[in-house]
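# A closer look at the structure
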Amino acid sequence: MDRLSALKSIAAEASRGDLSFPTNVDATLRLQRALGEPDCHTEMAARLVQAEPLLAARTVAIANSVAYNRAGHDVTNVRAAVQRVGFRTLGALAASVIVRQLASEISDPGLRAKADQLWIHSAHVAALAQVIARRVSFVDPETAMFAGIVHEVGGFYLLSRAEEFPDLVEGGADEWIEHGEVAIGRGVLLKLGVPVPVMGAIEALWNGMRALPPETLGDTLLLANDLAPFPSPLHQRPGATTQASAATIDFTTGHGTLAQILAESAEEVKSLTTALL
């Protein structure tokens, strides 16, 4: 099967909700749904998180990051970490585990390297989105971080299927944009139960429309994506902002500029990114 036919086939499956996930993804999806139940309290959440070692480690790491630990008092257990970060951040962290698990069974070294690079990109976008939301656009920071974590989930799913279809991730961006990005991305996002506002922000990213200074969740995600120091290793949209152009993005916001805010928040961004990685 050639690359275009493979893309169309996977996109059709995704549109039908007929997605092939590794077993560990299904387990984490069940955990994510349990965390979202109205009767899930801190003790129950802590027990659920402890059952998934990667999620447990990431929750403690995020709780001790500069963004969530302003007083400098580290937590050393999952229950305290859950109390500090809150359930919305916990949901975002569960999503980060799912995204990583999508590529967990890739054995090809080249595809594995692309998956690792894609996660480095996603982690930087998530950290930048959280800071930009809190300090510039004033949308919900946890939702912005969640959007950053899942914005490339279609790419992760594509990589998880690439060993079945040689050359699937090679070539230019046109076929991916026309036949894969939206259909596959939407299908996986729906399977993950991503909220409508986050879906809308990712749709804005696909469309490439934004305002400066950022006003919406979509604007926030687009700006974070442009400013991320590590671009996606997959298909770059024609006309996308280059790293050289991104370095020149600046504007006045409040009593300062974007450049000043990013400089002041550099340690937060670094700490959040490290915790997500």
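My aim in this report is to walk through the structure given alongside it, one point at a time. The structure presented is a predicted model; accordingly, all values stated were derived computationally and were not measured. (Residues numbered from 1 in each chain as written. Predicted model: local features only at pLDDT ≥ 70, side-chain atom pairs only at ≥ 80, totals over all residues. Heavy atoms only, no water.)

Using the criterion set out here, one finds 11 salt bridges in the structure. In this structure, the salt-bridge partner of Glu43 is Arg79, at a minimum N-O distance of 2.3 Å. In this pair, Glu43 is assigned in helix α3 (residues 42–50) and Arg79 in helix α5 (residues 78–102), connecting sequence segments 36 residues apart. Classification of Glu43 as partly exposed rests on a relative accessible area of 35%. Taking the relative accessible area as the measure of exposure, Arg79 reaches 34% and is therefore partly exposed. When the shortest N-O distance is used, the salt bridge between Glu164 and Arg161 registers 2.7 Å. Its relative accessible area of 47% is what places Glu164 among the partly exposed residues. The class for Arg161 is buried, based on a relative accessible area of 6%. Here the salt bridges share partners, and the residues they tie into one network are Glu13, Arg161 and Glu164. (Salt bridge = Lys/Arg side-chain N within 4 Å of Asp/Glu carboxyl O. Helix = DSSP H or I, 4+ residues; strand = E, 2+ residues; numbered from the N terminus. Buried < 20%, exposed > 50% of the residue type's maximum accessible area, 1.4 Å probe, protein only.)

Here the focus is the nonpolar core. Ile149, Val150, Ile184 and Val188 are the most contacted members of the largest nonpolar core, which totals 96 residues. In terms of residues, this core owes the most to one element, helix α6 (residues 109–137), which gives 14 residues. Beyond its immediate stretch of four places on either side in the chain, Val150 contacts Ala95, Val99, Leu189, Val194, Val198 and Ile202. (Core = buried A, V, L, I, M, F, W, Y, C linked by side-chain atoms within 4.5 Å. Contact = heavy atoms within 4.5 Å.)

Right, let's talk about helix α10 (residues 196–207) for a bit. Helix length check: α10, at 12 residues, gives a terminal C-alpha distance of 16 Å against a target of 16 Å (1.5 Å per residue), a fit within 8%. Here α10 has its buried residues at Val198, Met199, Ala201, Ile202, Ala204, Leu205 and Trp206. Positioned one or two residues after α10, Gly208 has a phi angle of 75 degrees, which is positive. (Expected span 1.5 Å × (residues − 1).)

Okay, the environment of Arg30 next. By secondary structure assignment, the location of Arg30 is in helix α2 (residues 23–35). Accessibility expressed as a relative area gives 51% for Arg30, which makes it exposed. Sequence separation of Arg30 and Phe230 is 200 residues, and the distance between their C-alpha atoms is 31 Å.

Moving on, we come to the packing of aromatic side chains. The full count for this structure, using the stated rule, is 2 aromatic pairs. Here the aromatic rings of Phe21 and Tyr157 are separated by 5.8 Å at their centres, their planes lie at 75 degrees, and the arrangement is edge-to-face. Here Tyr157 lies in helix α8 (residues 153–161) and Phe21 lies in the loop between α1 (3–16) and α2, a separation of 136 residues in the sequence. Accessibility assignment for this pair places Phe21 and Tyr157 in one class, buried. (Phe/Tyr/Trp six-rings, centres within 6.5 Å; stacked < 30°, edge-to-face > 60°.)

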